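A closer look at the structure
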Amino acid sequence: MTATSCLGVGLHAMQSAISAQRTGLSRCEFETAQLPTYVGEVAGVDSERLSPALGFYDCRNHRLAQLGLAQDEFMSAVATARLRYGPRRVGLFLATSTSGILESEIAYRRRDPATGLLPENLQYAGSHNFYSLAAFVRELLDLQGPAAVVSTACSSSAKVFGMAQRLIALGIVDAAVVGGVDSLCLTTLYGFHSLQLTSSRPCRPFDAQRDGISIGEAAAFVLLERTESAARGTASLLGVGESSDAYHLSSPHPEGLGARLAMQAALAAAQVPASAVDYVNLHGTGTRSNDSAESKAVAALFAASVPCSSTKGATGHTLGAAGALEVVICAMALDGGALPGGLHCDNLDPACTLNYLRANQSAAARVALSNSFGFGGTNCSVLIGRQS
Amino acid sequence: MSGIAAVALESLGLLGPGLGGWPQARALLRGEASYTRQPTLIPAPTTLPAAERRRTGRVVHLALAAGLEAIAGSDTDLTSLTTVFASSGADSQNCHEILQTLASADRQLSPTRFHNSVHNVTGGYWSIATHDLAPYTVVCAYDGSFAAGMLESLSLVTTSASDVLLVAYDVDYPAPLREKRPIGDAFAVAMLLRSNAGPRTLGTLTANYSDVPVDTLPSAELEALRLSTPAARALPLLEYVATARAGSRALEYQREGSLLVEYLPCR
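Here the structure is a predicted model, which means the values were calculated and not measured.

Residues and elements named next belong to chain B. Across the 9 residues of strand β1 (residues 7-15), 9 count as buried, placing the element largely inside the fold. Sheet analysis places β1 next to strand β6 (residues 203-210), joined by 3 bridges and oriented antiparallel. What sits directly across from Leu-9, in β6, is Gly-203.

Structural data, given as structure tokens:
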């Protein structure tokens, strides 16, 4: 696995930042955006260069994807799987909500004044289309198996774990690369601002005064194989649970109905009781409505003592990459023996009855649950575990 | 490794240029009717509350109409029906409007425009319209999006033994994106898939990833329709369903591989 976010490039940098309880959020100076908000911008994305052969795919989203894939010997792990199973037997199931839409945003400023046409260099299939992420990564990793992009807003890269798990179980593929890549763009910055969902400060999940999200960007990838094929001591995917709120397109169900159903479904899929869960990585965006609804949903299922936290105060809300990024954070917590505390929660919301960690806590955790919920009332919970 | 078990196809819905429902498309695919290409007519979704109906665009109305046709008369429980949406683009008109606003002096977006920009706008409104608490997903594989949705749907039915509604749809882009991504008129196909065959089952489906070249259609106008929009890449399979013909159909999926779908009609 590997992850790159505003906390740093690769797992080591992320672990250092989490250990130091350091945030990666900074005042928004992205592109031409003029908004009073903070963002989780990854340093060095602009200077990343795609090889000329892959120039068709050049955009911020794919530069970030390439930067992320180059860390933690991830590409060599994929190469090993490709040799072992064959390039047609390794699936690729990725997620994005932004794709490389920034390229189209810029292209619309450069339309031909006479004809209205977009500039020649805009490659719709290379950057704009959601699938362009998988098309690019497929070439970079030299894979030839089944591939798709899931785009369900902020639950996208949690859902790909379930997709891969099913196709591996059915023998359609022997292994799969899953993950999510989302990058900063004007659509999400101005869009969340229009909904009054961006905070003017670094986001404060579960704080009584929280007032919105900080948008982040990230690339996170995981190589999934059958348990019997994996190296001993590797974290396992235990179960994925999903649901829909059927309530509102951009507001969660106020009682967290869908969130509870997704967590229940993940536990049922894994055949693991709620009492076995040692840590919950909350969706915890820092909006009034999400944290309130999620708090109720978690409290309805788990003992009040179960440690919970949102890591979005450190990484920002990385939208379509959040699911995969936070599964990786959970796996690191299981491996490293420490649970990450949630940043910027100075005064825990009194309505929150959870054991919300505000500082890192040592723990020999074996089972962790990661929540990802999104616009469109889509909910996905991923349960992972480490064998003793 | 069991592979994908035979999944029962119960019913379909279809909207396209000159095609106002599955019965009309079936007659065309059976050679019983000639094809008159006309603009796709998309009915307003009566299942959506009036406020939501006003806030939604053609792509949502298209996907809902095809999905509702497929489930009409079925005894599947709509409030727990897993759904899979497959599309190359999302709401193309909405995307264009956002890009235009962001390129203007005043970048203030409408909140409704923004939340309608997500690829899963169809799944979100479907779940609201049908009070469906079951999961939905939205997949994209460019021109192979139908195959990606089909593989996802069949794997869901096989592993969860639950019913799945697959809805594949695409609408055309307005200029100037139209020049970058030419898509034909709106097209959607929906299939209700069930783990157990019943009296309404039309046939069974299985699928696997293959290196068989993509099947084309003998009729020039149907082949043109197949190529005009990603959702219409389903047509070679629909031809076998319409004519109750057993056999394998290779559908466009990846550059190096197709999705080989085997169809066995029951009646």
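Attention shifts here to the environment of His115(B). Its place among the elements puts His115(B) in helix α5 (residues 111-115). Linking His115(B) and Cys140(B), residues 25 residues apart in sequence, is a C-alpha distance of 19 Å. The contact partners of His115(B), leaving out residues within four places of it in the chain, are Leu249(A), Ser250(A), Phe375(A) and Tyr125(B). At 3.2 Å, the side chain of His115(B) forms a polar contact with the side chain of Ser250(A).

In this section: the packing of helix α4 (residues 101-109) of chain A against helix α4 (residues 92-102) of chain B. Where α4(A) meets α4(B), the closest approach of the two axes is 8 Å, and the angle between their N-to-C directions is 60°. By the angle between their axes, α4(A) is oblique relative to α4(B). Once α4(A) is placed against α4(B), the crossing between them reads as right-handed. Residue-level inspection shows Ile101(A), Ser104(A), Glu105(A) and Tyr108(A) of α4(A) in contact with α4(B), the latter providing Cys95(B), His96(B), Leu99(B), Gln100(B) and Leu102(B). Each residue belonging to the contact of α4(A) with α4(B) can be placed in one class, and the counts come to 5 nonpolar, 3 polar and 1 charged.

With that settled, consider helix α2 (residues 60-69) of chain A. The buried fraction of α2(A) amounts to 10 of the 10 residues, a majority that puts the element mostly inside the structure. Buried within α2(A) are the following residues: Arg60(A), Asn61(A), His62(A), Arg63(A), Leu64(A), Ala65(A), Gln66(A), Leu67(A), Gly68(A) and Leu69(A).

With that settled, the discussion passes to the sheet that holds strand β17 (residues 378-386) of chain A. Residue and element names in this part refer to chain A. What the 6 strands build is an open sheet, ordered β10-β17-β16-β11-β12-β14; its pairing is mixed. Of all strands in the sheet, those with a lone pairing partner are β10 (235-244) and β14 (355-356), marking the two edges. Strand direction decides the pairing type here: β10 and β17, joined by 9 bridges, are antiparallel. Residue pairing across strands places Ser-243 opposite Asn-379, the latter belonging to β17. Along the sheet face, helix α7 (residues 156-169) touches β10, β16 (367-374) and β17 and points at about 115° away from the line of β10. The strands touched by helix α9 (residues 257-270) within the sheet are β10, β16 and β17, with β10 carrying the most contacts at an inclination of about 140°.

Residue and element names in this part refer to chain A. Residue position: Asp-207 is located in the loop between α8 (186-194) and β8 (215-216). Despite its burial, Asp-207 remains without a salt bridge, the nearest opposite charge being carried by Arg-204 at 4.5 Å. Setting aside its immediate chain neighbours within four residues, Asp-207 contacts Arg-288, His-344, Cys-345, Asp-346, Asn-347 and Asp-349.

Right, let's talk about the sheet that holds β8(A) for a bit. All names here are of chain A. The strand order across the open sheet built from 3 strands is β3-β4-β8, with neighbouring strands paired in mixed fashion. Because the sheet does not close on itself, it has two edges, and the strands there are β3 (26-27) and β8. Of the pairings in the sheet, the one linking strand β4 (residues 38-40) to β8 comprises 2 bridges and is parallel in character. Within the sheet, the bridge partner assigned to Val-39 lies in β8 and is Ile-215.

Right, let's get into the interface of chain B and chain A. Counting residues at the interface gives 65 residues for chain B, matched by 68 residues for chain A. Summed over both sides, the interface between chain B and chain A buries roughly 5300 Å², with carbon and sulfur atoms accounting for 64% of that surface. Among the residues chain B hides against chain A, the three largest losses belong to Arg107(B), Phe114(B) and Lys180(B). Together they make up 13% of the total. Put simply, chain B and chain A have 27 residue pairs in polar contact (both at pLDDT 80 or more) between them. Elements that contribute at least two residues to the side of chain B that touches chain A include exactly α4, α5, α6 (121-130), β3 (136-140), α7 (145-160), α8 (177-180) and β6 of chain B. The greatest single-element share of the side of chain B that touches chain A, amounting to 7 residues, is contributed by α7(B). Residue composition of the side of chain B that touches chain A, grouped by class: 33 nonpolar, 23 polar and 9 charged.

Right, let's talk about the packing of aromatic side chains for a bit. What describes a pair of aromatic rings is the distance from one ring centre to the other and the angle between the planes of the rings. Applying the stated criterion to the full structure yields 13 aromatic pairs over all chains. Between the aromatic rings of Phe74(A) and Phe221(A), the centroid separation amounts to 6.0 Å while the plane-to-plane angle is 35°, which identifies the pairing as tilted. Here Phe74(A) is found in helix α3 (residues 74-85), whereas its partner Phe221(A) is found in strand β9 (residues 218-225), with 147 residues between them in sequence. Residue Phe74(A) shares its accessibility class with Phe221(A), and that shared class is buried. By the ring-pair criterion, three or more aromatic residues cluster together here, those being Phe85(B), Trp126(B), Tyr136(B) and Tyr169(B).

Residue and element names in this part refer to chain B. Among the residues of helix α1 (residues 22-29), those classed as buried are Trp-22, Ala-25, Leu-28 and Leu-29. Taken end-on, α1 shows its buried residues confined to a sector of 125°, consistent with a single buried face. Contact partners of the buried residues in α1: β1, α3 (58-71), α9 (220-228) and α10 (235-242). Positive phi shows up at Gly-31, right after α1, with a value of about 80°.

This part covers the side chain of Ser258(B). All names here are of chain B. In this fold, Ser-258 is placed in strand β8 (residues 258-265). Residue Ser-258 is classed as buried on the basis of its relative accessible area of 1%. There is a polar contact of 2.7 Å between the side chain of Ser-258 and the backbone oxygen of Val-212. Those residues in contact with Ser-258 that sit more than four places away from it in its chain are Asn-208, Tyr-209, Ser-210, Val-212, Val-214, Ala-250, Leu-251 and Tyr-253.

Definitions and cut-offs
Residues numbered from 1 in each chain as written. Chains lettered and ligands numbered in written order. Predicted model: local features only at pLDDT ≥ 70, side-chain atom pairs only at ≥ 80, totals over all residues. Heavy atoms only, no water. Buried < 20%, exposed > 50% of the residue type's maximum accessible area, 1.4 Å probe, protein only. Helix = DSSP H or I, 4+ residues; strand = E, 2+ residues; numbered from the N terminus. Pairing = 2+ DSSP bridges. Contact = heavy atoms within 4.5 Å. Polar contact = N/O pair within 3.5 Å; in protein donor to acceptor, adjacent residues only side chain to side chain. Axes fitted to C-alpha atoms, helices over the stretch in contact; angles between N-to-C directions. Parallel < 35°, antiparallel > 145°, perpendicular 65-115°, else oblique. Left-handed = near helix turned anticlockwise from the far one by under 90°. Nonpolar A, V, L, I, M, F, W, Y, C, P; charged D, E, K, R; others polar. Lys, Arg positive; Asp, Glu negative; His and termini not counted. Salt bridge = Lys/Arg side-chain N within 4 Å of Asp/Glu carboxyl O. Buried area = accessible area lost by both parts, 1.4 Å probe. Phe/Tyr/Trp six-rings, centres within 6.5 Å; stacked < 30°, edge-to-face > 60°. Arc of directions from axis to C-beta.

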